[in-house]
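Descriptive analysis of the structure
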Amino acid sequence: MPEGHTLHRLALDHDRRFGGETVRVASPQGRFAAEAKRLDGREFLGADAWGKHLWHRYDGGLTVHVHLGLYGSFADFELLDGAPPAPVGQVRMRIVGPRDGTDLRGPTACHLVSEEQIDEVLARLGPDPLRADADPDPAWRRISRSRRPIGALLMDQKVVAGVGNVYRAEVLYRAGLDPHREGRALGREDFDGIWADLVALMPIGVERGRMHVVRAEDDHGAPSYAPDRPRTYVYRRAGEPCRVCRTPVRTEVMEARNLYWCPTCQT
């Protein structure tokens, strides 16, 4: 599932390409057809994101809520002689601007929402480290009262919005914290360090479109876990030597998600 930086990058991109423009909206697949008809020919006012949720705002007070889930993605296209290409696959929502467009396929959610429904979604989310208005105190209060391990709490979107498996594993490694430590056993200084690291790292993902989590002095040795990804300290490196201490990286399933950590560096 895409992590929060991906949604913020999409929001910036859609804002730049479609903001202030009259756009055509369609649903080649048909599942969004009624909503698309209401949006077609309206001005695209802008886009923003909170955690893993994307919002498209149109004139007339209409807002589209998108959650990509595990399989959702946007695919961009150029206009050919002023016309969009034929859709490929199951396109839930197509947006066509004056110069180019984008197709949304396979999202978990794509629907028009009222302001009340937006508020209901936001009320279920924790603070987003990528938002300038984020207040980390609610996240700290939840964590400091919880018996759940910090490795699970960081993945809980009600606690911190936008953090996924990669950032969870890597910020805990960078902080030297055992992911099994109970939230209530975490000090405020430890939490503040995690939050500050997320605030520093996640904008890099927005800017570059790729996560960069390994410090320059450690960015050598074993290759990344996939050819098109930067190196990580522990994520998807089970059994491989830690980049710092050479202890084999461990893995287990924590609350239905794969967890990675170094038992020597994270105490």
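The protein appears in an unreviewed UniProt entry as DNA-(apurinic or apyrimidinic site) lyase from Tsukamurella paurometabola. According to UniProt, the comment filed for the protein under the heading Cofactor (unreviewed entry) is "Zn(2+)". The record in UniProt for the protein states the following under Catalytic activity (unreviewed entry): "2'-deoxyribonucleotide-(2'-deoxyribose 5'-phosphate)-2'-deoxyribonucleotide-DNA = a 3'-end 2'-deoxyribonucleotide-(2,3-dehydro-2,3-deoxyribose 5'-phosphate)-DNA + a 5'-end 5'-phospho-2'-deoxyribonucleoside-DNA + H(+)".

To continue, consider the layout of surface pockets. There is about 520 Å³ of room inside the largest pocket. Lining the largest pocket are 25 residues, with E3, V166, M211, Y225 and R229 positioned closest to its centre. Listed by contribution, the elements that provide at least two residues to the lining of the largest pocket are α1 (4–18), α6 (165–175) and β11 (257–261). The greatest single-element share of the lining of the largest pocket, amounting to 4 residues, is contributed by α1.

Let us now look at the packing of α6 against helix α7 (residues 188–208). Two elements in contact, α6 and α7, have axes whose closest approach is 10 Å; the angle formed by their N-to-C orientations is 130°. Compared by their axis directions, α6 and α7 come out oblique. Relative to α7, α6 is oriented so that their crossing is right-handed. When α6 is examined against α7, the residues Y167, V171, L172, R174 and A175 are found in contact with a partner set consisting of I194, D197, L198, L201, M202 and G205. Within the contact of α6 with α7, the residues separate by chemical class into 8 nonpolar, 1 polar and 2 charged.

Take the environment of G69 next. Topologically, G69 is positioned in the loop between β5 (62–67) and β6 (73–78). For G69, a relative accessible area of 3% translates into the label buried. Through-space distance from the C-alpha of G69 to that of P107 is 5.9 Å; in sequence the pair is 38 residues apart. Excluding its chain neighbours within four sequence positions, the residues that come into contact with G69 are M1, P2 and T108.

Before going further, it helps to examine the domain arrangement of the protein. By domain assignment, the protein separates into domain 1 (4–123) and domain 2 (125–261). On the domain 2 side, the residues contacting the 13 residues of domain 1 number 18 residues. Sorting the residues of domain 1 by area buried against domain 2 places H5, R9 and W50 first, and these three jointly supply 50% of that buried surface. Remark: the boundary between domain 1 and domain 2 carries 0 salt bridges. On inspection of domain 1 and its partner domain 2, the count reaches 8 residue pairs in polar contact (both at pLDDT 80 or more). Secondary-structure elements contributing two or more residues to the side of domain 1 that touches domain 2 are α1, β3 (43–50) and α3 (115–123). Of the residues forming the side of domain 1 that touches domain 2, the biggest block, 5 residues, is contributed by α1. Split into classes, the residues belonging to the side of domain 1 that touches domain 2 amount to 6 nonpolar, 5 polar and 2 charged.

Rules of the game
Residues numbered from 1 in each chain as written. Predicted model: local features only at pLDDT ≥ 70, side-chain atom pairs only at ≥ 80, totals over all residues. Heavy atoms only, no water. UniProt positions renumbered as here; feature names shortened; annotations may be inferred. 1 Å grid on protein atoms, 1.4 Å probe; cavity = no way out; pocket = protein on both sides within 12 Å on 5 of 7 lines; lining within 4 Å. Points joined across faces, edges and corners; volume = space filled by probe spheres on them. Helix = DSSP H or I, 4+ residues; strand = E, 2+ residues; numbered from the N terminus. Axes fitted to C-alpha atoms, helices over the stretch in contact; angles between N-to-C directions. Parallel < 35°, antiparallel > 145°, perpendicular 65-115°, else oblique. Left-handed = near helix turned anticlockwise from the far one by under 90°. Contact = heavy atoms within 4.5 Å. Nonpolar A, V, L, I, M, F, W, Y, C, P; charged D, E, K, R; others polar. Buried < 20%, exposed > 50% of the residue type's maximum accessible area, 1.4 Å probe, protein only. Domains from an automatic or database assignment. Buried area = accessible area lost by both parts, 1.4 Å probe. Salt bridge = Lys/Arg side-chain N within 4 Å of Asp/Glu carboxyl O. Polar contact = N/O pair within 3.5 Å; in protein donor to acceptor, adjacent residues only side chain to side chain.

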